[in-house]
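Chain by chain, the residues:
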Amino acid sequence: MNGMTDIHPDAVLASLLDKGSRSNRRANLTKMHELCRRQHAAGSRDFSLPAIGRLAEAEGILKGRALYNAPSADYRALIEAWAAYAGPAMPKPPKTLASHEYLMRIDDPAIRSIMQAIITERDKLKAQLNVLKAHTQVTVDRRPLGVTVSAAPGVQPVGVLALSAQLTPSEREALQKAVSADYLEERGLKEGSHGEIVNERGRTVFEVGFARAVRKVLGG
């Protein structure tokens, strides 16, 4: 209800009690009426269901959330009568910003003007930053280096780790050295035209394709 009314909540209570409710309900209606009377006597205009519900629950009249149930229509009618009788709630005073209080403590008008411009610019940048944060999506890829995604229609994508990515640094170094020309020459070996490794007598030590296979494993 909006505005004030001349109908006193006492009349509303009397009407509700005349409905012949159970004695326990009549007692609770009377307690709720007295609670609202004290609220009004204290100068409060807050007769919202959350506010009255908290007070009613604290005094053991009923649970605050029960006011929203259908069987509590009489309690709501009584609270609304008090709300109409008291008039609309006083508007809350605007909250004073801490920056405004700080500016008011500066006596020098010139310095105050400079600081106000700085604070305004700061607030503008903070607002822009918040907008950027709200529209920024960071995707963290925790897959190991060397992973490729294999996908087929109707099948969930699967990460495939390349063979070269599975090597430890020492393993990679050992394989690189095994097919290095300098390393082979020091041991009297060399790489043939088809990737085989042969000794000084031309006898095959590692079969055709050995060096090529190693390089493929290394990803080169």
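Report follows, based on the coordinates.

**Quick notes on the side chain of Asn28**
Turning to step 1, where the next piece is worked out: Structurally, Asn28 can be placed in helix H2 (residues 23–41).
Turning to step 2, where the next piece is worked out: Accessibility expressed as a relative area gives 12% for Asn28, which makes it buried.
Turning to step 3, where the next piece is worked out: Those residues in contact with Asn28, other than ones at most four positions away along the chain, are Ile61 and Tyr75.

**What about the environment of Arg76?**
Turning to step 1, where the next piece is worked out: Within the fold, Arg76 resides in helix H4 (residues 73–86).
Turning to step 2, where the next piece is worked out: Once the C-alpha coordinates of Arg76 and Leu49 are considered, the two residues, 27 residues apart in sequence, prove to be 7.7 Å apart.
Turning to step 3, where the next piece is worked out: Setting aside residues up to four positions removed in sequence, Arg76 forms contacts with Leu49, Leu67, Tyr68, Asn69 and Ala70.

**Some thoughts on the packing of helix H1 (residues 9–17) against H4**
Turning to step 1, where the next piece is worked out: Running from N to C, H1 and H4 cross one another at 165°; their axes reach a closest spacing of 9 Å. Of the possible angle classes, the one that applies to H1 and H4 is roughly antiparallel. Between H1 and H4 lies a crossing whose hand is right-handed. Taking contact as the criterion, the partners of Pro9, Val12, Leu13 and Leu16 in H1 are, on H4, Asp74, Ala77, Leu78, Ala81, Trp82 and Tyr85.
Turning to step 2, where the next piece is worked out: Residues that form the contact of H1 with H4 fall into these classes: nine nonpolar, no polar and one charged.

**Concerning the pattern of salt bridges**
Turning to step 1, where the next piece is worked out: Counted under the stated rule, the structure contains nine salt bridges.
Turning to step 2, where the next piece is worked out: With a closest N to O distance of 3.3 Å, Arg187 and Glu186 form a salt bridge.
Turning to step 3, where the next piece is worked out: Between Arg215 and Glu191 there is a salt bridge; the shortest N-O distance is 2.9 Å. On the criterion of sequence distance, the pair formed by Arg215 in helix H9 (residues 210–218) and Glu191 in strand S3 (residues 189–191) is long-range, its members being 24 residues apart.
Turning to step 4, where the next piece is worked out: Of the residues examined, Glu191 reaches a relative accessible area of 31% and is grouped as partly exposed.
Turning to step 5, where the next piece is worked out: Residues participating in the shared-partner salt-bridge network are Asp10, Glu34 and Arg37.

**A few points about the packing of aromatic side chains**
Turning to step 1, where the next piece is worked out: As enumerated under the stated definition, the model contains three aromatic pairs in all.
Turning to step 2, where the next piece is worked out: A centroid spacing of 6.3 Å and a plane angle of 15° characterise the contact between Phe47 and Trp82, whose relative ring orientation is stacked. You can see Phe47 sitting in the loop between H2 and helix H3 (49–58) and its partner Trp82 sitting in helix H4, a full 35 residues away along the chain. Across this residue pair, the class does not change: Phe47 and Trp82 are buried.
Turning to step 3, where the next piece is worked out: Where Phe206 meets Phe210, the ring centres are 4.4 Å apart and the plane angle is 15°; that geometry is what we call stacked.
Turning to step 4, where the next piece is worked out: On the basis of relative accessibility, which here comes to 37%, the residue Phe206 falls in the partly exposed class.

**A look at the sheet that holds S3**
Turning to step 1, where the next piece is worked out: Overall, antiparallel pairing links the three strands, which are arranged S3-S4-S5 in an open sheet. Where the open sheet ends on each side, the last strands, each with one partner, are S3 and strand S5 (204–206). Ignoring strand direction, the axes of neighbouring strands in this sheet form an average angle of 40°.

**Brief notes about the nonpolar core**
Turning to step 1, where the next piece is worked out: Counting 18 residues, the largest nonpolar core has Leu29, Met32, Phe47, Ile52, Leu62, Leu78 and Ile79 as the members making the most contacts within it.
Turning to step 2, where the next piece is worked out: Those elements that place two or more of their residues in this core are H1, H2, H3 and H4.
Turning to step 3, where the next piece is worked out: At five residues, the largest contribution of residues to this core is made by H4.
Turning to step 4, where the next piece is worked out: Setting aside anything within four residues of it in sequence, one finds Met32 in contact with Ile52, Ala56, Ile61, Leu62, Leu67, Tyr75, Leu78 and Ile79.
Turning to step 5, where the next piece is worked out: In terms of nonpolar packing, the next biggest core, distinct from the first, is built from six residues, Leu184, Ile197, Ala211 and Val214 among them.

About the thresholds
All residue numbers refer to position in the chain's written sequence, counted from 1. With pLDDT at 70 or above as the cut-off, local features in this predicted model cover only qualifying residues; side-chain atom pairs require 80 or more to be listed or tallied, and sums for whole chains, interfaces and linings still use all residues. Side-chain descriptors were evaluated using all non-hydrogen atoms of the structure, hydrogens and water having been removed beforehand. Numbering goes from the N terminus for both helices and strands, where a helix is a DSSP run of H or I of at least four residues and a strand is a run of E of at least two. A simple rule labels every residue: compare its accessible area, found with a 1.4 Å probe on the protein chains alone, to the largest value its type can have, and call it buried under 20%, exposed over 50%, or partly exposed in between. Any pair of residues with heavy atoms lying within 4.5 Å of one another is described as a contacting pair. A fitted line through C-alpha atoms serves as each axis, taken over the contacting stretch for helices, and the angle formed by two N-to-C directions is quoted from 0 to 180°. Oblique is the label for any angle not under 35 degrees, not over 145, and not in the 65 to 115 range, which are roughly parallel, roughly antiparallel and roughly perpendicular in turn. By convention the crossing between two helices is left-handed if the near helix lies anticlockwise of the far one by an angle smaller than a right angle, and right-handed if it lies clockwise. Following the grouping adopted for this structure description, the nonpolar residues are Ala, Val, Leu, Ile, Met, Phe, Trp, Tyr, Cys and Pro, the charged ones are Asp, Glu, Lys and Arg, and the polar ones are all others, Gly among them. One speaks of a salt bridge when a side-chain nitrogen belonging to Lys or Arg is within 4 Å of a carboxyl oxygen belonging to Asp or Glu. Pairing of aromatic rings covers Phe, Tyr and Trp, the last counted by its six-membered ring, and requires centre-to-centre distances within 6.5 Å; plane angles under 30 degrees mean stacked, over 60 mean edge-to-face, and any other angle means tilted. The pairing criterion is simple: DSSP has to find at least two bridges between the two strands. For this analysis, a nonpolar core means a set of buried residues of the types Ala, Val, Leu, Ile, Met, Phe, Trp, Tyr and Cys, connected via side-chain atoms within 4.5 Å.

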